[in-house]
Amino acid sequence: MTVARCSPLFSVLGVLCALAFNPSPAQAKAPPLPEELLPRDTLEKIYAAELPNYNTADYQKLYDAHVYLEKYFLTDSAEDRTAITKILNQSGIPLPTLGRMCRIHLAWPALPPGPAYVNERIGPHDVQYFLGVPANYDRAKPWPLVIRLPAANAIITDPDKPPKPDDVVALYTQWVTDEMKSHPDAILIMPLLNLDELFGPSYKGMNSVIQAMHHVATRANIDPKQVNMLGHGMAAHATWNLALHYPTYFAAINPLAGAASADWQRVRLLNLRNTLPVVWHDNTDKVINPNQSAAIVAVLKNMKYDVVFEQTKTIGHVPTPEIAEKCYKIMRARTRDLYPQQVNLRSTRPDPTFNRVDWVQVYQPINAGLEKPLFLNHGSGKIILSENAHSVQAAFTTPNKIEVKTDNVQTLRFYLNDQMADLAKPVTVIVNGKARFEGLVTPSLDALLKDQLFLGRGWRYFTAVLDIDLAPNSSTTKPTTRPTVATTTAATLFFTTDDGKTFFPLEATHRPPFVHEGKPAYQAHIYTCDGGKTAFVGYLSKFSPISEEPLVRKPGATQWSPASSAGATVVLDVKCPEGSAGKTPVEVYPK
């Protein structure tokens, strides 16, 4: 058995470096709370700073509820989460308070200063990064987070002599140490670079950064208003791509001599409405064409977005320390509004994660067109693109009034809270000049907590959701009875990644869509008309992140329909193949 060698320096946070070779399987039930939780004096300081009108007399009530919140996020049992939600609903604590408490982790440890190597298995993800903790770190206050992406050429200086693991550890350790000396006022993470995946655009590559960002927030008191990311060269390409796909999280980015050159990336530039790009490129760069940065900056300026462009003329591909420091300071000076007045979104990705920006999410486009696979030049798997883009521009024009412009959007969701609107009063939504909603929006703890699971615990909180359906009214009379998606207690179900051409069994706990071997997977509903001798795909189903109701479609179709809609009637009415007259199709499950 291969054993990883780690110095004591890298044992912080209870992380064993041997996990890189023996990752533990995902746990089915919640592990117990850590023995050491935040002491009362520290937690009271946080409560006083984070919770409106905090009263010391309420401490025990809040703490008891906080313990249940911790258990909610630790468990993966739907039954446990339902029971905890019921308990918290009965606690009498206002939803905005519970929403703010989600950001506070009772198990934040007292981190020692300096560099540390973090290596954990979180669900399906290997989370590996180097962490830099300031000498004066205090877990009672939120700290800015800087994500610095190293470039491959900084690690591999000689292609014929790839670095050994000990060399990589020493290199990262030195980087982190130097960075903490230069900038001791922020938490630093440097994700471990996988030379096969880089930092994307593959799912696995992007997750090496995003999952590290989520994980460090469970270990350190991170200020969600001050999360920044930077990289040079190849890492600048990744910086652009990650910000375009996950703009909600970043106050500012600093791509140095990089680009986002693909059409499927540039279509997403609209998403940077509330993220500041601090761009540097030199006109004499022989490695990456400086016109690529200039073109992106021109588009952003044309949209009247905030952007800083540091353009030099005689330096080449690598910025001087003075230029890098100037850009760094501009990036760090940016503070993000967690609930911005205006949010813009444009996407050609069917993945729910990539159709959410801040408080707006597209549930369903009118016409996504065909799903097109894009095979990557670097990295495993492929990404899926929709043929047609959809876009939303939404803004609070007056208190409690949202005005929206959409293109190719059928259904969308708005996430609201007490800092955005007075939810005791009616909310009005105008879409493309037409009133689509006017009335009270009901706060929901269940919606708040489920969105925490989707968006990531503590980055934002939303106490109410509002769904808007822009589909034209159907002239078809709805039948009094309609087929529904079959329910089952089967432990395994069939899934497909190729539109039903083939299917495979997996545990029923998988909630489609999910990524399986680099491809989006949906549930395949398999039927037989001859007692199981032959089988065929009746229809596919998936779930929306904003509704418990499944979406369905026939193999080969491009449009998903809510299962209760008139459009789903034909989809769910499964027929036996020709030559099977008089027979009834029966859904079958894996044995």
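Report follows, based on the coordinates.

Rules behind the numbers
- Residues numbered from 1 in each chain as written.
- Predicted model: local features only at pLDDT ≥ 70, side-chain atom pairs only at ≥ 80, totals over all residues.
- Heavy atoms only, no water.
- Helix = DSSP H or I, 4+ residues; strand = E, 2+ residues; numbered from the N terminus.
- Rg over C-alpha atoms; globule rule 2.2 N^0.38 Å.
- Buried < 20%, exposed > 50% of the residue type's maximum accessible area, 1.4 Å probe, protein only.
- Contact = heavy atoms within 4.5 Å.
- Areas by Shrake-Rupley, 256 points an atom, 1.4 Å probe, with all protein chains shown as cover.
- Lys, Arg positive; Asp, Glu negative; His and termini not counted.
- Charge placed at Lys NZ, Arg CZ, Asp CG, Glu CD.
- Disulfide = S-S within 2.5 Å.
- Salt bridge = Lys/Arg side-chain N within 4 Å of Asp/Glu carboxyl O.
- Axes fitted to C-alpha atoms, helices over the stretch in contact; angles between N-to-C directions.
- Parallel < 35°, antiparallel > 145°, perpendicular 65-115°, else oblique.
- Nonpolar A, V, L, I, M, F, W, Y, C, P; charged D, E, K, R; others polar.
- Phe/Tyr/Trp six-rings, centres within 6.5 Å; stacked < 30°, edge-to-face > 60°.
- Lys NZ or Arg CZ within 6 Å of the ring centre and 35° of its normal.
- Polar contact = N/O pair within 3.5 Å; in protein donor to acceptor, adjacent residues only side chain to side chain.
- Pairing = 2+ DSSP bridges.
- Core = buried A, V, L, I, M, F, W, Y, C linked by side-chain atoms within 4.5 Å.
- Expected span 1.5 Å × (residues − 1).
- Arc of directions from axis to C-beta.

**Here's the deal with the overall build of the protein chain**
Here's step 1: Helix and strand counts for the protein chain stand at 13 helices and 27 strands.
Here's step 2: Over its C-alpha atoms the protein chain spans a radius of gyration of 25 Å, differing by no more than 12% from the 25 Å that the globule rule assigns to 591 residues.
Here's step 3: The principal-axis extent of the C-alpha atoms belonging to the protein chain is close to 75 × 65 × 60 Å.
Here's step 4: Of all 591 residues assigned to the protein chain, the portion counted as buried reaches 52%.
Here's step 5: Sequence-distant contacts in the protein chain: of pairs separated by 6 or more residues, those separated by 24 or more amount to 67%.
Here's step 6: Carbon and sulfur atoms make up 53% of the accessible area of the protein chain, which amounts to about 27,200 Å² in all.
Here's step 7: Taking the average location of the 58 positive side-chain charges in the protein chain and that of its 55 negative ones, the two points are 4 Å from each other.

**What about the state of the cysteines?**
Here's step 1: As enumerated under the stated definition, the model contains one disulfide in all.
Here's step 2: Each disulfide pairs two cysteine sulfurs, and for Cys529 the partner residue is Cys576, the sulfurs being separated by 2.0 Å. Between Cys529 and Cys576 the sulfur-sulfur dihedral comes to about -95 degrees; the bridge is accordingly left-handed. Here Cys529 is found in the loop between strand S23 (519–528) and strand S24 (536–544), whereas its partner Cys576 is found in the loop between helix H13 (568–572) and strand S27 (586–588), with 47 residues between them in sequence.

**Overview of the pattern of salt bridges**
Here's step 1: Under the definition given, this model contains 20 salt bridges.
Here's step 2: Where Glu50 meets Arg103, a salt bridge forms, and the shortest distance between an N and an O atom there is 2.6 Å. Of the two residues, Glu50 is situated in helix H1 (residues 40–50) and Arg103 in the loop between helix H4 (95–101) and strand S1 (114–122); the sequence distance between them amounts to 53 residues.
Here's step 3: Judged by relative accessible area, Glu50 falls into the partly exposed class, the value being 22%.

**So, the packing of helix H7 (residues 203–219) against helix H8 (residues 234–245)**
Here's step 1: At their nearest, the axes of H7 and H8 sit 11 Å apart, and the two run at 75 degrees to each other. Put simply, H7 runs roughly perpendicular to H8. Touching Met206, Val209 and Ile210 of H7 are Asn241, Leu242 and His245, all from H8.
Here's step 2: When its residues are assigned to classes, the contact of H7 with H8 shows four nonpolar, two polar and no charged.

**Thoughts on the packing of aromatic side chains**
Here's step 1: According to the stated counting rule, one finds 20 aromatic pairs in the structure shown.
Here's step 2: Arranged with centres 5.5 Å apart and planes meeting at 85 degrees, the rings of Tyr246 and Phe354 form a pair that is edge-to-face. Highlighted residues: Tyr246 in the loop between H8 and strand S6 (252–256) and Phe354 in the loop between strand S9 (342–347) and strand S10 (356–357), separated in sequence by 108 residues.
Here's step 3: Here Tyr246 falls in the buried class, since its relative accessible area comes to 8%.
Here's step 4: Judged by relative accessible area, which is 2%, Phe354 ranks as buried.
Here's step 5: A centroid spacing of 5.3 Å and a plane angle of 75 degrees characterise the contact between Phe495 and Phe514, whose relative ring orientation is edge-to-face. Within this pair, whereas Phe495 is found in strand S20 (residues 492–496), its partner Phe514 is found in strand S22 (residues 514–516), the two being separated by 19 residues in sequence.
Here's step 6: Under the relative-accessibility criterion, Phe495 is labelled buried at 0%.
Here's step 7: On the basis of relative accessibility, which here comes to 14%, the residue Phe514 falls in the buried class.
Here's step 8: Each residue in the set Tyr47, Tyr54, Tyr59 and Tyr63 is aromatic and connected to the rest through ring pairs, giving one cluster.
Here's step 9: Just above the ring of Tyr68 sits the side chain of Lys71; from NZ or CZ to the centre is 5.6 Å.

**Things to note about the side chain of His66**
Here's step 1: Here His66 is to be found in helix H2 (residues 59–74).
Here's step 2: For His66, a relative accessible area of 0% puts it in the buried group.
Here's step 3: Polar contacts involving the side chain of His66 include one to the main-chain carbonyl oxygen of Ile104, which spans 2.7 Å.

**Here's the deal with the pairing of strand S12 (residues 371–375)**
Here's step 1: With five bridges connecting them, S12 and strand S13 (residues 382–386) associate as antiparallel partners. Bridging from a neighbouring strand, Glu371 pairs with Ser386 of S13.
Here's step 2: With antiparallel pairing between neighbouring strands as the criterion, S12 and S13 make up a hairpin whose turn holds six residues, including Gly379 at a positive phi of roughly 110 degrees.

**Quick look at unusual backbone geometry**
Peptide bonds are mostly trans, and most non-glycine residues show a negative phi.
Here's step 1: Of note, the bond from Gly200 into Pro201 is cis; its omega dihedral lies within 30 degrees of zero at 15 degrees.
Here's step 2: Position of Pro201 among the secondary structure elements: in the loop between strand S4 (187–191) and H7.
Here's step 3: With omega at 5 degrees, the peptide bond leading from Pro512 into Pro513 counts as cis.
Here's step 4: Among the structural elements, Pro513 can be located in the loop between strand S21 (504–507) and S22.
Here's step 5: Unusually for a residue other than glycine, Lys304 sits at a positive phi of about 65 degrees.

**Considering the sheet that holds strand S16 (residues 409–416)**
Remark on secondary structure: sheet strands pair via backbone hydrogen bonds, oriented parallel or antiparallel.
Here's step 1: Spatially, S10-S11-S16-S19 is the arrangement adopted by the four strands of the open sheet, whose pairing is antiparallel. Two strands lie at the open edges of the sheet, namely S10 and strand S19 (464–469), each paired on one side alone.

**A closer look at the nonpolar core**
Here's step 1: Core analysis: the biggest nonpolar cluster contains 111 residues, and Ile147, Phe250, Trp359 and Phe414 have the highest contact counts within it.
Here's step 2: Per element, the largest residue contribution to this core is eight residues, and it comes from H7.
Here's step 3: Judged by nonpolar contacts, the second largest core, of 28 residues, contains Leu38, Ile46, Phe73 and Cys102.

**Notes on the pairing of S16**
Here's step 1: The element S16 is largely enclosed, with a buried count of eight among its eight residues.
Here's step 2: Sheet topology note: the strand S11 (residues 360–365)/S16 ladder contains five bridges and is antiparallel. Each residue of the ladder has a partner; that of Gln364, found in S16, is Thr411.
Here's step 3: Judged from the six bridges that link them, S16 and S19 form a sheet pairing that is antiparallel. Residue pairing across strands places Thr411 opposite Asp469, the latter belonging to S19.

**A few points about the sheet that holds strand S15 (residues 401–407)**
Here's step 1: Spatially, the five strands line up as an open sheet ordered S9-S14-S15-S17-S18, and their pairing is mixed. Edge positions in the open sheet fall to S9 and strand S18 (434–439), since each of these has one partner strand only. Mean inter-strand twist for the sheet, computed between neighbouring axes without regard to direction, equals 15 degrees.

**As for helix H3 (residues 78–89)**
Here's step 1: Between the first and last C-alpha of H3 there are 16 Å, a value that for 12 residues agrees with the 16 Å anticipated at 1.5 Å per step.
Here's step 2: All of the buried residues along H3 are Arg81, Ile84, Thr85 and Leu88. Projected down its long axis, H3 carries its buried residues within an arc of 105 degrees, all on one side. Looking at H3, the residues exposed on the side facing more than 90 degrees away from the buried face are Glu79, Thr82 and Lys86.
Here's step 3: Buried residues belonging to H3 abut H2, H4 and helix H12 (445–455).

Geometric values such as these leave the question of function open.
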